[in-house]
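Notes for the structure review
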Amino acid sequence: MSQNSKIFNPQAKIALHYSKVLDHLNGKNTDPITLEVDPSNACNHSCPFCISGHIHLSKFKGTEFFDRRIMDENTLMSLCKDVISMDIDSLTWTGGGEPTMNPHLKKAMNFINSKSKIKMGMFSNGSMLTKFDLFEVIINTLSWIRISIDAGSPSSYDKLRVTNKSNNFETVIKNIKKLIEIKKRHKSKIVIGVGFVVSKDNYQEIADFAKLFKNIDVDYCQYKPEIVQIERNGKLDKTKQQISSDFWLHKVIKQLDKAKEILGSKFECNSYKLEDLLFDSKNYGRTYKECIGSQFQPCVGADGHVYVCTNHRGHKEYSYGTIKDSSFKEIWSNMKKRQCIMNKINRTEKFSNCSQLCKPHESNKMVWQIKENLKNKQYIKDLKQKAKVIKKSILHPEFI
């Protein structure tokens, strides 16, 4: 298993939760490790590489997937009450769209923080923190927040994300600095990171991004490759194809090396994705036969549907049910329905409608390995010993 990052290491984190994994593999109904929740499908940016672009980008208006709704207060708070009654380790506020566009998010964050020991994190574009006065609640309730930047200059940022004066580069940098200031004032342990999705549109600014944040007190700068959902959205956008390994090898790697020199210990990279892109352009590292990792990190969409994973959000055939009809707890307890959908993915479709390098991809590698060695007592013994070692070095072990 990869040990190259204390933060971004799904395989190691799955190993840490071996107890839940073993229970699941032995037929028990285990609660998720991480629950991904989309408070909003609406977004005030228009990033071309967004994995949920089919839900909120204007070019998809008129399709069956376009749905810019915001989760209503009753649905959101009912979900929160369910979550705190279950054995869920962490919750990530994500999207869908931009989570901070939901006016009820602050209430939900405070509720979970005050009523449970569930850890929370957030993915955000960082532009909406003032509107609903979210600075203090973020610092006081979250373990981490990662703000997407994906550019190294104001002009590129504003062009790429299609911004206006209220949500542009200047606004986001100002908000990041304010978060850092409040973090220091509260002596908070929240980890504040910034992200850069590397694509053909922005790779030349990899080093500029590093220079920009070298002297801003974020905890890390994360680089990860754009993953084109060609299997999922090919019928929506036939011009898309996965970026070739030559691009990553000849144009990106040297730039990342420069960024690492500039940032030092603040540099983070999802290298496992790059390895799969570079060295296995046919299967992209998918050697497992079942998507078991998804059973530890489902997604509740802003439409109320409980999706297999974030990559399937918006596609109702991969929904276990909706929390508008049943509670999340009831839906998750329906193992027959979950198994039916997973059989469709694993055996009927054989991942043909699943994006390569999807969210559960790394988890799947590890869980599949555990399943293959389920009757190997020495392997299980060694796994438990490795978990003890990993626990001492990994950051945010509750999040997959």
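Shown above is the structure to which this text applies.
What counts and what doesn't
- Residues numbered from 1 in each chain as written.
- Predicted model: local features only at pLDDT ≥ 70, side-chain atom pairs only at ≥ 80, totals over all residues.
- Heavy atoms only, no water.
- Phe/Tyr/Trp six-rings, centres within 6.5 Å; stacked < 30°, edge-to-face > 60°.
- Lys NZ or Arg CZ within 6 Å of the ring centre and 35° of its normal.
- Buried < 20%, exposed > 50% of the residue type's maximum accessible area, 1.4 Å probe, protein only.
- Helix = DSSP H or I, 4+ residues; strand = E, 2+ residues; numbered from the N terminus.
- Arc of directions from axis to C-beta.
- Contact = heavy atoms within 4.5 Å.
- Pairing = 2+ DSSP bridges.
- Disulfide = S-S within 2.5 Å.
- Right-handed = clockwise from strand over helix to strand, strands pointing away.
- Salt bridge = Lys/Arg side-chain N within 4 Å of Asp/Glu carboxyl O.
- 1 Å grid on protein atoms, 1.4 Å probe; cavity = no way out; pocket = protein on both sides within 12 Å on 5 of 7 lines; lining within 4 Å.
- Points joined across faces, edges and corners; volume = space filled by probe spheres on them.
- Nonpolar A, V, L, I, M, F, W, Y, C, P; charged D, E, K, R; others polar.

Looking now at the packing of aromatic side chains. Geometrically, a pair of aromatic rings is defined through the distance of the ring centres and the angle of the planes. Enumeration according to the criterion identifies 14 aromatic pairs in this entry. Here the aromatic cluster, defined as three or more aromatic residues joined through ring pairs, consists of F196, F209, F213, Y223 and F267. One cation-aromatic arrangement involves R286 over F351; the distance from NZ or CZ to the ring centre is 4.7 Å. Residue placement shows R338 over the ring face of W332; its charged tip is 3.6 Å from the ring centre.

Those residues of helix α7 (residues 154-161) that fall on the buried side of the exposure criterion are Y157, L160 and R161. Taken around the axis of α7, the buried residues stretch over an arc of 80 degrees, which confines them to a single face. With respect to the buried face of α7, the exposed residues turned more than 90 degrees away are S155 and K159. In this fold, the buried residues of α7 make contact with β4 (144-148) and α8 (169-186). Once α7 ends, the next one or two residues include V162, with phi positive near 55 degrees.

To continue, consider the sheet that holds strand β1 (residues 34-37). Across a sheet, paired strands are connected by hydrogen bonds in the backbone, their directions being either parallel or antiparallel. Pairing in this open sheet of ten strands is mixed, and the strands run β7-β6-β5-β4-β3-β2-β1-β8-β9-β10 from one edge to the other. Two strands bound the open sheet, and with one partner strand each, they are β7 (267-269) and β10 (319-322). Pairing between strand β5 (residues 191-198) and strand β6 (residues 220-225): six bridges, direction parallel. Residue pairing in the sheet places V198 in a bridge with P225 of β6.

Looking now at the state of the cysteines. Chemically, a disulfide is nothing more than a covalent bond linking the sulfur atoms of two cysteines. On inspection of all chains with the given rule, the structure shows zero disulfides. Of all cysteine sulfurs in the structure, the one in C43 sits closest to C47, which takes part in no disulfide; the separation is 6.3 Å. With a relative accessible area of 10%, C47 lands in the buried category. As a non-bridged cysteine, C291 has C358 as the owner of its nearest cysteine sulfur, 5.8 Å distant.

Moving on, we come to the pairing of β5. Counted residue by residue, β5 has eight buried out of eight residues, so it is predominantly covered. Side chains V191, G193, G195 and V197 of β5 all project onto a buried face; the interleaved residues I192, V194, F196 and V198 project onto the opposite face, where all are buried too. Tracing the backbone out of β5, into helix α9 (residues 206-214) and back to the parallel element β6 gives a crossover that is right-handed.

To continue, consider helix α5 (residues 105-115). Taken together, the buried positions of α5 are occupied by L105, A108, M109, F111 and I112. Here the buried residues of α5 occupy an arc of 165 degrees about the axis, which is enough to place them on one side. Those residues of α5 hidden inside the fold are in contact with α4 (73-84), β2 (90-93), β3 (119-124) and α6 (135-141).

Let us now look at the environment of L57. When you line up the elements, L57 lands in the loop between α3 (53-56) and α4. Here L57 falls in the buried class, since its relative accessible area comes to 9%. Each C-alpha atom, one on L57 and one on N44, is 9.7 Å from the other, the two residues being 13 residues apart in sequence. If near-sequence neighbours (up to four positions away) are discounted, L57 is found in contact with S46, C47 and F66.

On to the pattern of salt bridges. Going through the model one piece at a time under the given rule, you end up with 20 salt bridges. Across the salt bridge formed by E136 and R185, the nearest N and O atoms sit 3.7 Å from each other. Taken together, the positions of E136 in helix α6 and R185 in helix α8 put the pair 49 residues apart, joining distant regions of the chain. For R185, a relative accessible area of 52% corresponds to the exposed category. As a salt-bridge pair, D150 and R161 come within 2.5 Å of each other at their nearest N and O atoms. Taken together, the residues span a long stretch of sequence, with D150 in the loop between β4 and α7 and R161 in helix α7 at a distance of eleven residues. Look at D150 and you get buried, because its relative accessible area is 2%. Beyond isolated ion pairs, a larger network of salt bridges with shared partners links K20, D87 and D89.

To continue, consider the layout of surface pockets. Considering only enclosed or pocket space, the largest pocket measures out at about 360 Å³ in volume. In terms of lining residues, the largest pocket is bounded by 16 residues, among which H24, E290, Q295, Q339 and M342 are the most central. Ranked by residue count, the leading element in the lining of the largest pocket is helix α14 (residues 335-348), at seven residues. Tallied by class, the residues present in the lining of the largest pocket amount to five nonpolar, six polar and five charged. For the second largest pocket, the calculated volume is near 280 Å³. Those elements giving two or more residues to the lining of the second largest pocket turn out to be α11 (245-263), β7 and α12 (271-279). The element best represented in the lining of the second largest pocket is α11, accounting for four residues.

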